[in-house]
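Structure assessment
The lines below spell out each chain.
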Amino acid sequence: MEQERIFISVVVPIYNEEGAVKELYNNIITALNVINKPYEVIFVNDGSTDSTFKILTELCPLKIINFRRNFGQTAAMDAGIKKSMGKYIATLDGDGQNDPADIARLLEKLENDNFDLVCGWRKKRKDTFFKKFFSRCAAQLRKKMINDGIHDSGCTLKVYKKECFRHIDLVGEMHRFIPGILKIKGFRIGELEVNHFERISGKTKYNIWRGPKGALDMFSVWFWRKYSSRPLHLFGSIGLLIILISGAAGLLALYRKIFTGMDLSDTAMTQLSMFGFFTGVQFLVFGLLADILSKTYFSSTKDEIYTIKEIIENK
């Protein structure tokens, strides 16, 4: 199809989901036929080691982006979004727990309420206690640090306007924080309750390392929201505060030496004063360097963190 004719692109990152992929594909096609607008379906094979890729090659119509190895869900989503051609982009997980039929409802809300992004909210999640517990903890932390205004940022089922990704590169575990990133840039965000099914095949890709990685990425988004264009304000303020404290300590040491005759050789006050002063100067210099790097970032592009082996289009 011509780029201007495609109404919606559905992007699905997938890794070792041989038991779910065919049914998921059929459900997506059924849901898109109900919408009755020109569409494309993109599955990103994230280095699957089972028969997932073989099954994908037998499905039609379908665009397959095949990675050379496993690069992670965020990279797969980034590749699929960048290769999509629709006016709107819908994303969902490859494990079959999202309901493709909800795409039409999300799309309707996006258009009727003039949102740029509508997120799915898995209010009645069908996950293990372990996953739900850590998700709730992450949600509370995210609310404090980012406050993107939605209940379930981790739900992959979302519908976006294409322009949301015009200047965004997804790295790390950042796919969970897309709403926060877009809110920083001024996009309008909504949410809607969606269905959530139990996993019927395969194994969850969630492990204990995803929590710490997600927390670090959350801190990155928090920093980006507050100081991306002015890192000198953060590091410079810390540096000036340390310099002021060390300066006060130095004046106190000088006062005691001159007016009370205190022997400063038995205290660490002078050493701490000098150490604090130079530490403060280092923070100021670091802030200036970070400011330069920030401006360089805004005026340059980054390499992609993944490698695409091939793109197959089954028509």
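A few points on the structure.

1. Quick look at the side chain of D93
As for its placement among the helices and strands, D93 is situated in the loop between β4 (88–91) and α4 (102–112). Here D93 is buried and forms no salt bridge, its nearest opposite-charge partner R122 lying at an N-O distance of 5.1 Å. At 2.8 Å, the side chain of D93 and the side chain of T156 are in polar contact. If we ignore the near neighbours within four places in the chain, the residues touching D93 are V12, L24, Q73, N98 and T156.

2. Looking at α4
Listing the buried residues of α4 in full gives D102, I103, L106, L107 and L110. The arc enclosing the buried residues of α4, seen along the axis, measures out at 135 degrees, which places them on a common side. Those residues of α4 that are buried are in contact with β1 (8–14), α1 (21–35), β4, β5 (117–121), β6 (158–161) and β7 (189–193). Directly beyond the C-terminal end of α4, a positive phi value near 55 degrees is found at N114.

3. A short note on α1
Taking 1.5 Å per residue, 15 residues should reach 21 Å; α1 reaches 21 Å between its end C-alpha atoms and fits that length. Residues of α1 that are buried include every one of V21, L24, Y25, I28, I29, A31, L32 and I35, and no others. Each buried residue of α1 lies within a common arc of 165 degrees when the element is viewed along its axis, so the set occupies one face. In this structure, α1 carries K22 and V34 as exposed residues pointing more than 90 degrees from its buried face. Among the residues trailing α1, N36 stands out with phi positive, at a value near 60 degrees.

So, how was this worked out
- Residues numbered from 1 in each chain as written.
- Predicted model: local features only at pLDDT ≥ 70, side-chain atom pairs only at ≥ 80, totals over all residues.
- Heavy atoms only, no water.
- Helix = DSSP H or I, 4+ residues; strand = E, 2+ residues; numbered from the N terminus.
- Buried < 20%, exposed > 50% of the residue type's maximum accessible area, 1.4 Å probe, protein only.
- Lys, Arg positive; Asp, Glu negative; His and termini not counted.
- Salt bridge = Lys/Arg side-chain N within 4 Å of Asp/Glu carboxyl O.
- Polar contact = N/O pair within 3.5 Å; in protein donor to acceptor, adjacent residues only side chain to side chain.
- Contact = heavy atoms within 4.5 Å.
- Arc of directions from axis to C-beta.
- Expected span 1.5 Å × (residues − 1).

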